Every structure is written in C-alpha cells, then in structure tokens.
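The residues making up each chain are set out below.
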Amino acid sequence: MALMPAVTVVPMFKLLIIMLTAFLTVVDLFATQALLPTLAAHYDVSPAAMGLAVNASTLGMAIGGLSIALLSQHIDRRTGILASLLVLSIPTLLLAYAPNLAIFASLRVAQGLCMASAFGLTLAHLGESFTAEQSAGAFAAYITGNVASNLVGRFIAAAVVDHAGLAANFVVFAGLNIAGAALVYTTVRQVPMPKKSAISAEVHPDPWWIHIKETEMRAVFGIGFCILFAFIGTFTYVNFILVAPPLAVGMMTLGFIYFVFLPSIVTTPLAGSVARKIGHKRALWGGLVVAAAGLPFLVVPSLPAVLAGMILVAVGTFFAQALATGFVSRAAKSNRASASGIYLASYFAGGLVGSAVLGQIFDRFGWTACVAGIGVSLAAAAWLTQYLNVSAARMRT
C-alpha cells in the first residue's frame with residue numbers, strides 16, 4: 001500500500017493487502033445480518049425491530065463518513081486507521097453481552113462510527129499513496145474486499161453461531177478487528193499528508209455543502225441512498241424468508257447461501273472497464289436493471305429461484321455502487337474528500353431508512369410488498385442517473 005510512483009500497475013501482493021484490509025475493516029457491517037432470525041428470537045422482538053437494530057451500524061457509518069470527510073485534513077492516516085480498528089473491537093466484544101435491544105443497537109452505532117473512520121481514512125490514504133494510473137486498481141481492490149466481507153463475514157457468523165452460540169460470534173469478530181489493526185500496523189507506511197491540498201483549502205475554503213448545489217452531485221448522492229436502501233431491504237429480510245417454511249433452511253445452510261456474493265467479487269472490478277466501453281450512464285443503468293431483474297425470483301417459493309434473485313441483486317447493486325462511488329471523485333469540482341463523505345453519508349443513510357421503512361412493510365404486508373418497495377428504490381436510482389453529467393466529470397479528472 002506504499003507509494004510507488006514509477007510503477008503503473010500495482011503489484012498483486014499489494015492489491016491482496018488492500019483487499020484484506022477492506023475485508024477486515026467492514027466485516028462487521030453486514031455479517032450480523034445472517035444472524036437476524038436467531039437474534040430476533042434471542043431478544044424476542046419482531047423482524048422489523050431486529051433489522052433496524054442490526055442495521056443501526058449504518059447510522060454510525062453515515063455520521064462517521066461525513067465527520068471524517070470534514071476533519072480528514074487534520075488526521076494522520078495510518079494512526080487514524082489503526083486506532084479506529086482497535087477501538088472497533090470494543091463495541092464488537094460488548095455485543096456478546098448486550099442485555100437488551102437498545103444497548104445492542106447503540107453498540108452497532110458505535111461499530112459504524114469506527115468502521116466509517118477506518119474506511120474513509122483508508123480511501124484517503126490510497127488516493128495519496130498511488131499515482132492516477134495505479135489508483136483505479138487500488139480502489140477496485142478495496143471495493144472487492146468490501147464485497148468479499150459480505151460473503152465470508154456472513155459465512156463465519158453463521159458457522160460460529162451454529163457451533164458455539166451468539167456470544168462466541170462477537171468474540172470472534174472482535175478478534176478479526178484486532179487482526180485488521182495488526183495488518184495495518186505491519187503493512188501501511190506513513191505517507192506525508194499533501195501540502196498542496198492543505199494550502200488550497202486555506203486559500204479557497206469551500207464549504208462542504210457546496211456540492212449539494214450541483215444537480216449532478218445531488219443525483220449521485222440520491223443514487224447512493226437508493227442503492228443501499230435496496231441492498232439492505234433485500235439482504236436483511238430475505239433471511240426470515242429463508243429460515244421459514246417452505247424453504248426452512250438451517251443456520252449453517254444459511255451461511256453457505258451467502259456464497260451468492262461470489263459472482264459479485266468477479267463482476268464488481270469490471271465496472272470501470274465496462275463504463276469505458278459503453279458509457280458511465282449505460283453501465284450504471286445496466287447494473288440497476290440486473291438488480292431489478294432479480295426481484296421477481298425473490299418471491300418464488302423455491303430455494304434455487306430465491307438464490308438466483310439474490311445473486312442478481314448483489315451483482316447489480318455492487319456494480320452500480322462501484323460506478324457511483326467513482327463518479328463522485330471525478331465530478332467534484334473541489335474538496336473531493338467532503339464530496340466523498342457526503343456520498344458515504346447518503347449511502348449509509350439509505351441503508352438505515354431502508355431497514356426501517358421496508359421492515360415495517362415486511363411486518364405489516366409481507367415479503368412480496370417488501371420486494372415491491374425494493375423495486376421502487378431501484379427505479380428511483382435509474383431515474384436519477386439521467387442527471388449525471390459524465391462528460392463534465394471526465395474533464396475534471
């Protein structure tokens with residue numbers, strides 16, 4: 001992950017380190033979703049209440065992402081990432097002993113704050129450590145590690161709970177947080193913070209809200225909101241469908257089911273090259289169409305059909321997320337850190353709102369209505385895509 005300006009291609013072992021760092025940074029974020037039915041029974045609450053508590057981490061991510069964007073110029077990257085991952089292990093461990101839902105949700109918010117700070121500072125570190133030619137591969141590796149955390153994290157959580165119980169699961173994940181800190185300590189080198197950016201910020205102190213004035217920036221923020229709204233709605237409440245009749249899969253089988261994320265590990269890194277060939281808007285629309293195509297399969301009372309639907313939703317939403325994230329960096333006229341922070345805040349706010357709104361729909365009207373709500377979110381993202389000025393964004397790179 002260190003700066004090597006003379007090399008245009010990042011060595012494979014560095015890409016693997018970046019992927020593993022991303023994996024260990026956000027592995028707590030969605031892994032707990034695989035435990036939703038077990039947690040709901042443990043706390044004796046409804047699916048909507050448990051889903052909101054588990055996804056409370058997205059509130060912390062939204063607050064933390066914006067905060068880091070505003071303060072990142074004053075935070076040493078390596079020290080900040082290391083401290084965030086070490087502190088993350090504390091609320092993770094305490095989740096093993098959370099006596100009620102309110103404390104559980106509060107600890108999930110704390111996890112989100114820590115993950116967002118590590119996430120945001122790592123993105124800043126990558127941008128400052130690699131050349132323009134190298135950065136595309138570095139960011140693709142980071143996003144791929146994020147995707148992998150969805151797959152492996154859920155599998156680990158389901159396996160540990162199945163064999164050792166809920167408390168042991170959070171102890172294991174606290175260990176993973178510490179392992180992430182150890183990886184950062186041994187592989188991330190100190191990189192001087194860019195002096196030019198600091199001087200520019202002092203001479204032209206653009207406020208963070210300047211990005212909200214831009215139509216295309218508002219559009220991409222809304223797209224991010226809709227993407228995680230749809231993703232959370234799918235992969236939170238589908239768990240209750242999978243464990244209930246007629247599918248009635250066991251906890252260990254539920255862990256294996258999340259290998260539906262495996263195709264996304266292959267397709268997500270291709271987003272940039274696809275966009276270059278067919279255009280950014282068409283690629284983004286294509287990802288959203290793929291996700292929408294999976295929705296009808298989710299309501300079929302057949303495990304193969306549901307799995308096919310989950311694969312399509314995962315591939316489409318991760319693909320769209322990669323394109324939207326890249327667009328933010330290119331489209332921002334100034335202060336790209338704050339633009340990325342607002343995008344992350346919007347993205348994770350969509351997850352929290354999706355969990356709350358779709359949870360109520362799921363409880364009151366059932367799974368089919370919940371899937372319809374997911375479809376509305378994807379349609380909104382597709383509608384917002386028309387406002388992206390891709391040619392202007394390309395000129396700013």
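Residues numbered from 1 in each chain as written. Predicted model: local features only at pLDDT ≥ 70, side-chain atom pairs only at ≥ 80, totals over all residues. Heavy atoms only, no water.

Q: Quick one: what's the story with the packing of helix α13 (residues 271-278) against helix α14 (residues 280-298), residue by residue and with numbers?
A: Contact geometry of α13 with α14 gives a least axis separation of 7 Å together with a crossing angle of 125°. Taken together, the axes of α13 and α14 are oblique relative to one another. Crossing of α13 over α14 shows right-handed handedness. Judged by residue contacts, Val 274, Ala 275 and Ile 278 of α13 engage His 280, Arg 282 and Ala 283 from α14. (Axes fitted to C-alpha atoms, helices over the stretch in contact; angles between N-to-C directions. Helix = DSSP H or I, 4+ residues; strand = E, 2+ residues; numbered from the N terminus. Parallel < 35°, antiparallel > 145°, perpendicular 65-115°, else oblique. Left-handed = near helix turned anticlockwise from the far one by under 90°. Contact = heavy atoms within 4.5 Å.)

Q: Outline helix α1 (residues 12-31), listing residues and values.
A: Its 20 residues place the ends of α1 27 Å apart at the C-alpha level, agreeing with the 28 Å of an ideal helix rising 1.5 Å per residue. Residue Thr 25 marks the point of greatest curvature in α1, where the axis turns by about 45°. In terms of burial, α1 is largely enclosed, as 15 of its 20 residues are buried. (Expected span 1.5 Å × (residues − 1). Bend = angle between axes of the 7 residues up to and from the residue. Buried < 20%, exposed > 50% of the residue type's maximum accessible area, 1.4 Å probe, protein only.)

Q: Quick one: what's the story with empty space enclosed by the protein, residue by residue and with numbers?
A: One pass over the full model with this rule turns up 2 cavities of 30 Å³ or more. The volume enclosed by the largest cavity comes to roughly 40 Å³. What lines the largest cavity is Asp 28, Ala 31, Thr 32, Leu 35, Thr 92, Gln 111, Ala 157, Asn 169, Phe 170 and Phe 173. Elements supplying a minimum of two residues to the lining of the largest cavity: α1 and α8 (166-187). Element by element, the count of residues in the lining of the largest cavity is highest for α8, at 3 residues. Across the lining of the largest cavity, the residue classes break down as 5 nonpolar, 4 polar and 1 charged. Considered as a void within the structure, the second largest cavity measures approximately 40 Å³ in volume. (1 Å grid on protein atoms, 1.4 Å probe; cavity = no way out; pocket = protein on both sides within 12 Å on 5 of 7 lines; lining within 4 Å. Points joined across faces, edges and corners; volume = space filled by probe spheres on them. Nonpolar A, V, L, I, M, F, W, Y, C, P; charged D, E, K, R; others polar.)

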